[in-house]
Amino acid sequence: EPSSHNLVTMAAAKQQQSKGLGLKDLYLITYNALCCLGWAYVLALGIPTFIASVTSSIGTSSLVESLKIAGRSVYAATPYTAGWSNEATPSLATVLMYVQSAAVLEIVHAALGLVRSPVFVTTMQVGSRIVALHMLSTCPSAQTQWGAALMIFSWALVEVPRYLFYVAAIVTGDATKGTPYPLFWLRYSLFAVLYPTGISGELSVFLTSAKCDTFLSTLGESNKSIMYWYAMAFPIIYAPGALPMIFNMVANRKSAMKKRFARPPPPPRGLVWPVTETKANGEEVRSSTPVAKEILAAAIGAVNPELAEKVRNEKKWRFGYQKHLVNMVEAQCKSPEDALKIANAGLNKAYMTFQFVSSDGSKTTTFAEAMSSKSSDKFHTGFIKGELAPQKEKKLEVGYKGKQISGDELKAQVKEWVDYGTIEPSAGEAICSCVDNPGWIDLSDRYFVLLGAGSAMGPFEVLMQLGANVIGIDLDRPFIWQRLINRVKNSSGSITFPMSKEQSKCADEKELFAASGCNLFTQAPMIRDWLVDLYPGKSFTVGSYAYLNGALHVQVSLAMDAICRDLCDKRKNTSLAYLCTPTDLHLIPKEAHDAAEANYKEFSKKPFCMFMKLFFGKKTLRKNVKKPVSGVGGDFYYVNGISVAQGPNYALAKRMQHWRAVIARSKGCIVSSNIAPSTSTVSVTQNRTFAWAYEGMPYFKPYEIFAPETSNSVMSAILFNDLNNHKSIANPDVGIANPNQLFSFGAFHGGTWRCAYEIDSIGEASVLLYFSRVAKPYAIAFGGLGLAAGAKWFGIV
């Protein structure tokens, strides 16, 4: 159906608004404007012709019959039949052929990165229309049935406002709020009627073509059966695909309307991106792209100025950042000194670049300056102790596929994961060590600072089950603290938390929830000071678990980093904890590299993988195995798990955590920084494309997608091992050849390291696998009907 020919990124749109239109923009405006005119011409011929036909036949036929008769005349419409010229050209059929065929360029636009449309989806949408158009142009009977008019009108009525919307969005620089509302409403509302009518019209063309002797004879009399199944294949494909497509548009409409009517952002306060541009009207622009480039350039420039310049000169940062991260990791492999130089330079640049705005907006400083002094404001301290008695016998339990497993059953499951390649042997050993050492599970005297206590991937739930002492840092939102505090009460653990007023002065729980919490952006210095003075003499394990979307993720990562840095400096025996994402660049063991090589040899011979490579080229199913990088200490193997779709801000936020991890370990801190698996959290699965991909990924051995309860439990177990096992790689006394090898051990990566293909190259294949599985029962049913119809057609029965 109508292709999702999306526009440039919001950052680029803002740059267009302030810097004027570039050649790319002028080209896209021209393309969209011409397509809009082409579809408008189709309507200008089709509608008058249709009305004239209805008018001429209404006296001799019923209204329904008149509409059917009129529908048969639309494809043959000309300026003459439309009544506004004596000319017979250009006809509707000719213009329709040109304007719909021009949509093939939208696939090219997506492939070249001119627009942010997924190549696979755009190819499927445009391709289905081209097929319908081909059948319509070669089948006379399809041209003269009512469904042809339904299809043509549905296409044109969608496309005219769609292309006009794109023109307005590029010109204004803001697709969400800059376009005229009537045009915006049409763009995101017409599909509700015109998608079903368009699909119905296309189906009528496919089914009519399957009975059309002219169409069936396209390849000769002897190949009629081939053309028959070619025509019948599309109704079978449409059956499972139509509803998901419509539901996807419903979700897009909901998202677009939400953004359109969203409140304007509050004035910048606390930790903010620096001003990168000031418009003529005085409006300040805080773009993440130039800042992110400078931070990465400063990091890699500490050891290789030439690579730093390549970062600064990158024109297509949104889709071109990946190769610069690869260059940086390879540069870190040259020596331990280089690895630490890069980490220190990157973080120092971030601290000196990001700004901190006072609460009243009167003073702006660098974030480094803001964190260098004590805050004059202070938090009060809240404390809640759980109401349950401590467990007499504490043991590690993992929720997996609907049940709790522990002991030998858990160790057997861990062995299955290791043998299959879903996790690394070192991760399996860490979990089994927790099973064998139940004393490690006694957390009654341990203190865990959770930055982002309510995070879906954080260990809060596990810690409460085991009676730990949690120091919770999360937003000052009553509903968050209602959930956290109620959970604590139903446990044997405790939670200590910052408050805006004394706990004793809260009249009731509602007032308690409202006074609890803090803001990492605006109160980072206060949070740091409060934690430094809290529970003197106690050892803290500080976990960075807060997550936000887009550029906010970088901000919250830097805020957490400042707290981690200062606690390591000011509190003895502070340890750090991170959850690494599998969609990143990591050094890996040679065994994982060899396993990926073996899986590639197996999967590259599978028909499905050969089909994907043949039809989708280099971007799909890229080999996971990379050549090792030589450096001090030997050869280092790595995996490129970066998902370009997650964006450069996500990559930078996670990279900053890597930098702090290796720096802190080099200074003698225990650092637990392990790779967590792909997990079906709400924040991930609310993106339908990711959810569909997750369903199909297990086809590629050894992938497994885990539920949050499983991920939380196993990653907590690996954390406990790191804190207690002196042989763990988290212990700075354990020698490693390169600081980045910290991330090579304890990886519960879910299959990313040992898969045949890079994770970023299996998404479209995984989505296709998912829909093929959903479509299987429909395909069988429709296939049976098709066989019966075919047998009847050819006189077999």
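Structural data are supplied above this passage.
Basis of the calculations
Residues numbered from 1 in each chain as written. Predicted model: local features only at pLDDT ≥ 70, side-chain atom pairs only at ≥ 80, totals over all residues. Heavy atoms only, no water. Helix = DSSP H or I, 4+ residues; strand = E, 2+ residues; numbered from the N terminus. Rg over C-alpha atoms; globule rule 2.2 N^0.38 Å. Buried < 20%, exposed > 50% of the residue type's maximum accessible area, 1.4 Å probe, protein only. Contact = heavy atoms within 4.5 Å. Lys, Arg positive; Asp, Glu negative; His and termini not counted. Charge placed at Lys NZ, Arg CZ, Asp CG, Glu CD. Phe/Tyr/Trp six-rings, centres within 6.5 Å; stacked < 30°, edge-to-face > 60°. Lys NZ or Arg CZ within 6 Å of the ring centre and 35° of its normal. Core = buried A, V, L, I, M, F, W, Y, C linked by side-chain atoms within 4.5 Å. Patch = residues over 30% accessible without salt bridge, like charges linked within 9 Å, V, L, I, M, F, W, Y side chains within 5 Å. Areas by Shrake-Rupley, 256 points an atom, 1.4 Å probe, with all protein chains shown as cover. Salt bridge = Lys/Arg side-chain N within 4 Å of Asp/Glu carboxyl O. Pairing = 2+ DSSP bridges. Axes fitted to C-alpha atoms, helices over the stretch in contact; angles between N-to-C directions. Parallel < 35°, antiparallel > 145°, perpendicular 65-115°, else oblique. Left-handed = near helix turned anticlockwise from the far one by under 90°. Nonpolar A, V, L, I, M, F, W, Y, C, P; charged D, E, K, R; others polar. Disulfide = S-S within 2.5 Å.

Novice: So what's going on with the overall build of the protein chain? Residues and values would help.
Specialist: When helices and strands are tallied, the protein chain shows 32 helices and 17 strands. Against the compact-globule benchmark of 28 Å for 797 residues, the protein chain has a radius of gyration of 30 Å, which places it among compact chains. Here the C-alpha coordinates of the protein chain stretch approximately 95 × 65 × 60 Å along the principal axes. Here the protein chain, with 797 residues, has 54% of them falling under the buried criterion. Considering only residue pairs separated by 6 or more positions, the protein chain has 77% of its internal contacts joining residues 24 or more positions apart. Averaged over its 79 positive side-chain charges, the protein chain has a centre that lies 3 Å from the centre of its 61 negative ones.

Novice: Describe in detail the packing of aromatic side chains, supporting the description with residues and values.
Specialist: For the structure shown, the criterion picks out 40 aromatic pairs. For the ring pair tyrosine 41 and tryptophan 84, a centre distance of 6.1 Å and an interplane angle of 90° mean the geometry is edge-to-face. Here the residue tyrosine 41 occupies a position in helix α2 (residues 23-57), and tryptophan 84 occupies one in the loop between α4 (79-82) and α5 (92-101), the gap between them amounting to 43 residues. Between tryptophan 481 and phenylalanine 497, the aromatic rings sit 5.2 Å apart at their centres with planes inclined by 35°, giving tilted as the arrangement. In this pair, tryptophan 481 is assigned in helix α22 (residues 478-489) and phenylalanine 497 in strand β11 (residues 494-499), connecting sequence segments 16 residues apart. One exposure class covers both tryptophan 481 and phenylalanine 497, and it is buried. Aromatic ring contacts, followed pair by pair, group Tyr31, Tyr163, Phe165, Tyr166, Tyr181, Phe184, Tyr188 and Phe261 into a single cluster. Taking NZ or CZ as reference, arginine 318 lies 4.9 Å from the ring centre of phenylalanine 319, over its face.

Novice: Give me the lowdown on the nonpolar core, citing residues and values where you can.
Specialist: Membership of the largest hydrophobic core comes to 89 residues, with the highest contact counts inside it found for Phe354, Phe367, Leu520, Leu531 and Trp659. Beyond its immediate sequence surroundings of up to four residues, leucine 531 is in contact with Val449, Ile471, Phe540, Ile563, Leu567 and Arg571. Tyr31, Ala77, Met232 and Phe234 belong to the second-largest nonpolar core, a separate cluster that totals 62 residues.

Novice: Tell me about the environment of valine 644, and name the residues and values.
Specialist: The topology assignment puts valine 644 in the loop between β16 (634-640) and α28 (648-666). Given a relative accessible area of 13%, valine 644 falls into the buried group. In this structure the C-alpha to C-alpha distance between valine 644 and asparagine 687, which are 43 residues apart in sequence, comes to 15 Å. Sequence-distant contacts of valine 644, that is, excluding residues within four places in its chain, are made with Arg318, Phe319, Tyr321, Gln322 and Asp760.

Novice: Break down a nonpolar patch on the surface for me, citing the residues and quoting the values.
Specialist: On the surface, a nonpolar cluster with roughly 390 Å² of combined accessible area is contributed by Leu21, Leu23, Leu26 and Val171. For leucine 23, the location among the structural elements is in helix α2. A relative accessible area of 73% places leucine 23 in the exposed class.

Novice: Could you give an account of the sheet that holds strand β15 (residues 629-631), with specific residues and numbers?
Specialist: Sheets are built from strands paired through backbone hydrogen bonds, the pairs being either parallel or antiparallel. Taken in spatial order, the three strands of this open sheet run β14-β16-β15, and their pairing is antiparallel. Both edges of this open sheet fall to β14 (585-588) and β15, since each of them pairs with a single strand only. Between one strand axis and the next, the sheet turns by 40° as a mean value, whatever way the strands run. With three bridges joining them, β15 and β16 adopt antiparallel strand pairing. When the sheet's bridge partners are listed, valine 629 is paired in β16 with phenylalanine 636.

Novice: Which residues make up unusual backbone geometry, and what are the values?
Specialist: Cis geometry marks the peptide bond from threonine 89 to proline 90; its omega dihedral reads -5°. Positionally, proline 90 belongs in the loop between α4 and α5. The amide bond that connects lysine 701 to the next residue, proline 702, takes the cis arrangement and shows omega of 5°. Positionally, proline 702 belongs in the loop between α30 (688-696) and α31 (708-724). Even without a glycine there, the phi angle at asparagine 573 is positive, about 65°. Relative to the helices and strands, asparagine 573 is located in the loop between α25 (551-570) and β13 (575-580).

Novice: An account of the pattern of salt bridges is requested, with residue identities and associated values reported.
Specialist: Inspection of every chain in the model, using the stated rule, returns 30 salt bridges. Put simply, arginine 655 and aspartate 584 hold a salt bridge, and the shortest N to O gap is 2.7 Å. Of this pair, arginine 655 sits in helix α28 while aspartate 584 sits in the loop between β13 and β14; the two residues are 71 residues apart in sequence, bridging distant segments of the chain. No difference in accessibility class separates arginine 655 from aspartate 584, as the two residues are buried. Between lysine 590 and aspartate 594 there is a salt bridge, and its shortest N-O distance comes to 2.9 Å. In this pair, lysine 590 and aspartate 594 are both assigned in helix α26 (residues 590-603), four residues apart and thus about one turn of the helix distant. The partly exposed category is assigned to lysine 590, whose relative accessible area is 40%. Judged by relative accessible area, which is 34%, aspartate 594 ranks as partly exposed. Overlapping salt bridges, with partners in common, bring together Glu106, Arg129, Glu159 and Arg162 in one network.

Novice: Tell me about the sheet that holds strand β17 (residues 671-675), and please be specific about residues and values.
Specialist: Spatial ordering of the open sheet is given by β6-β11-β10-β9-β12-β13-β17, a layout of seven strands whose pairing is mixed. Strands at the two margins of the open sheet, each flanked by one partner only, are β6 (380-385) and β17. Here the average twist between neighbouring strands, direction ignored, is 20°. With five bridges joining them, β13 and β17 adopt parallel strand pairing. Note on β17: the bridge partner recorded for alanine 577 is serine 672. Running over the sheet, helix α24 (residues 524-533) touches β6, β9 (447-451), β10 (469-473), β11 and β12 (540-544) and is turned about 165° from β10. Along the sheet, α28 makes contact with β13 and β17, crossing β13 at roughly 145°.

Novice: So, the packing of helix α7 (residues 119-138) against helix α11 (residues 191-209): which residues are in play, and what are the values?
Specialist: The geometry of α7 relative to α11 is characterised by a closest axis approach of 9 Å and an angle of 50° between their N-to-C directions. In terms of axis orientation, α7 runs oblique to α11. Here the hand of the crossing between α7 and α11 comes out left-handed. Residue-level inspection shows Ser128, Val131, Ala132, Met135 and Leu136 of α7 in contact with α11, the latter providing Glu202, Val205, Phe206 and Ser209. Among the residues making up the contact of α7 with α11, the classes are represented as six nonpolar, two polar and one charged.

Novice: Any chance you could break down the pairing of strand β8 (residues 403-406) for me, citing the residues and the numbers?
Specialist: Put simply, side chains in a regular strand alternate between the two faces of the sheet. The pairing of strand β7 (residues 397-400) with β8 spans four bridges and is classified as antiparallel. Across the sheet, residue glycine 399 finds its bridge partner in β8, namely glutamine 404. What sits between β7 and β8 in their antiparallel hairpin is a turn of two residues, with lysine 401 showing a positive phi close to 55°.

Novice: Report on the environment of isoleucine 69, specifying residues and quantitative values.
Specialist: Relative to the helices and strands, isoleucine 69 resides in helix α3 (residues 63-73). Each C-alpha atom of the pair isoleucine 69 and tryptophan 146 lies 7.3 Å from the other, and the pair is 77 residues apart in sequence. Ignoring sequence-local partners within four residues, the contact set of isoleucine 69 consists of Ser53, Ser57 and Ser61.

Novice: With reference to specific residues and values, describe the state of the cysteines.
Specialist: Counted according to the given criterion, the structure contains zero disulfides. Between cysteine 506, a cysteine without a disulfide, and cysteine 518, which holds the nearest cysteine sulfur, the sulfur-to-sulfur distance is 15 Å. Cysteine 609 takes part in no disulfide bond, and the closest cysteine sulfur to it belongs to cysteine 755, at a distance of 8.9 Å. Under the relative-accessibility criterion, cysteine 609 is labelled buried at 1%.

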